[in-house]
Amino acid sequence: MKKQYLFDYDYGKSNVTFEVDLNMFTNEHANATLNFFCWEYDKEENPVDAVMKKYALEAIQLATFRDLNLEGVVSVFEKHEGFCPVNGSYGITLKEVEMFEFDEDSFDVNISNI
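In this text the structure is predicted, and so the values were computed from the model without any measurement.

K.L.:
Explain the pairing of strand β2 (residues 14-21) here, please?
P.N.:
Successive residues of a regular strand alternate their side chains across the two faces of the sheet. Within β2, 7 of the 8 residues are buried, which leaves the element mostly enclosed by the surrounding structure. In this structure, strand β1 (residues 2-9) lies alongside β2, joined through 8 bridges in antiparallel fashion. In the strand pairing of β2, lysine 3 is matched with valine 20. As judged from the 6 bridges shared by β2 and strand β3 (residues 92-98), these two strands associate in the antiparallel manner. Across the sheet, the residue bridging to threonine 17 is glutamate 96, located in β3.

K.L.:
Just checking my understanding: could you explain the packing of helix α2 (residues 47-65) against helix α3 (residues 70-77) for this structure?
P.N.:
Any two packed helices are characterised by how steeply their axes cross, that is the angle between the axes, and by the distance between the axes. Contact geometry for α2 and α3: axes closest at 10 Å, N-to-C directions at 120°. Here α2 is positioned oblique relative to α3, judged by the angle of their axes. The handedness of the crossing between α2 and α3 comes out as right-handed. Residues Tyr55, Glu58, Ala59, Leu62 and Ala63 of α2 form the contact with α3, whose participating residues are Val73, Val76 and Phe77. When grouped by side-chain class, the residues that make up the contact of α2 with α3 number 7 nonpolar, no polar and 1 charged.

K.L.:
What am I meant to see in the nonpolar core here?
P.N.:
Soluble, globular proteins show a tendency: their nonpolar side chains are buried together. Counting residues in each nonpolar core, the largest one holds 30 residues, and the members touching the most others are Val16, Phe18, Phe25, Met52, Tyr55 and Ile92. For this core, the elements supplying multiple residues, two or more each, are β1, β2, α1 (27-37), α2, α3 and β3. In terms of residues, this core owes the most to one element, α2, which gives 10 residues. With near-sequence residues (within four places) excluded, isoleucine 92 lies in contact with Phe18, Glu19, Val20, Phe25, Met52, Tyr55, Cys84, Pro85, Val86 and Asn87.

K.L.:
Can you walk me through the environment of tyrosine 55 in this structure?
P.N.:
Counting through the fold element by element, tyrosine 55 comes out in helix α2. C-alpha of tyrosine 55 to C-alpha of isoleucine 111: the two residues are 56 residues apart in sequence and 37 Å apart in space. Residue contacts for tyrosine 55: discarding those within four places in its chain leaves Phe18, Phe25, Thr33, Phe77, Phe83, Cys84, Val86 and Ile92. Here the side chain of tyrosine 55 touches cysteine 84 through a polar contact of 2.8 Å, landing on its backbone nitrogen.

Procedures and definitions
- Residues numbered from 1 in each chain as written.
- Predicted model: local features only at pLDDT ≥ 70, side-chain atom pairs only at ≥ 80, totals over all residues.
- Heavy atoms only, no water.
- Buried < 20%, exposed > 50% of the residue type's maximum accessible area, 1.4 Å probe, protein only.
- Helix = DSSP H or I, 4+ residues; strand = E, 2+ residues; numbered from the N terminus.
- Pairing = 2+ DSSP bridges.
- Axes fitted to C-alpha atoms, helices over the stretch in contact; angles between N-to-C directions.
- Parallel < 35°, antiparallel > 145°, perpendicular 65-115°, else oblique.
- Left-handed = near helix turned anticlockwise from the far one by under 90°.
- Contact = heavy atoms within 4.5 Å.
- Nonpolar A, V, L, I, M, F, W, Y, C, P; charged D, E, K, R; others polar.
- Core = buried A, V, L, I, M, F, W, Y, C linked by side-chain atoms within 4.5 Å.
- Polar contact = N/O pair within 3.5 Å; in protein donor to acceptor, adjacent residues only side chain to side chain.

Shown next, in the form of structure tokens:
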């Protein structure tokens, strides 16, 4: 069985899409990743669903802070400690990633004389 995960960050400021083959990437794989990083997550949630949120955040951060396109992010995940590659070899395929777009109009600024 396959699932598609579409993550939208902050109303379209970034997004990422994964396809996951649950016959290859199992709950055991997901738990191993969650435990490797000692992440906080809802223990009642399906572990694959929980870990895919972590993959989504990591993919967006890589794309944004390293200025990487889809292929660049996939390449980094191939050697990214604690994560499975996202090239489909472990059942996770990164289909799309858009870097976060910072907007100076989104700043809340307080300026005061000191």
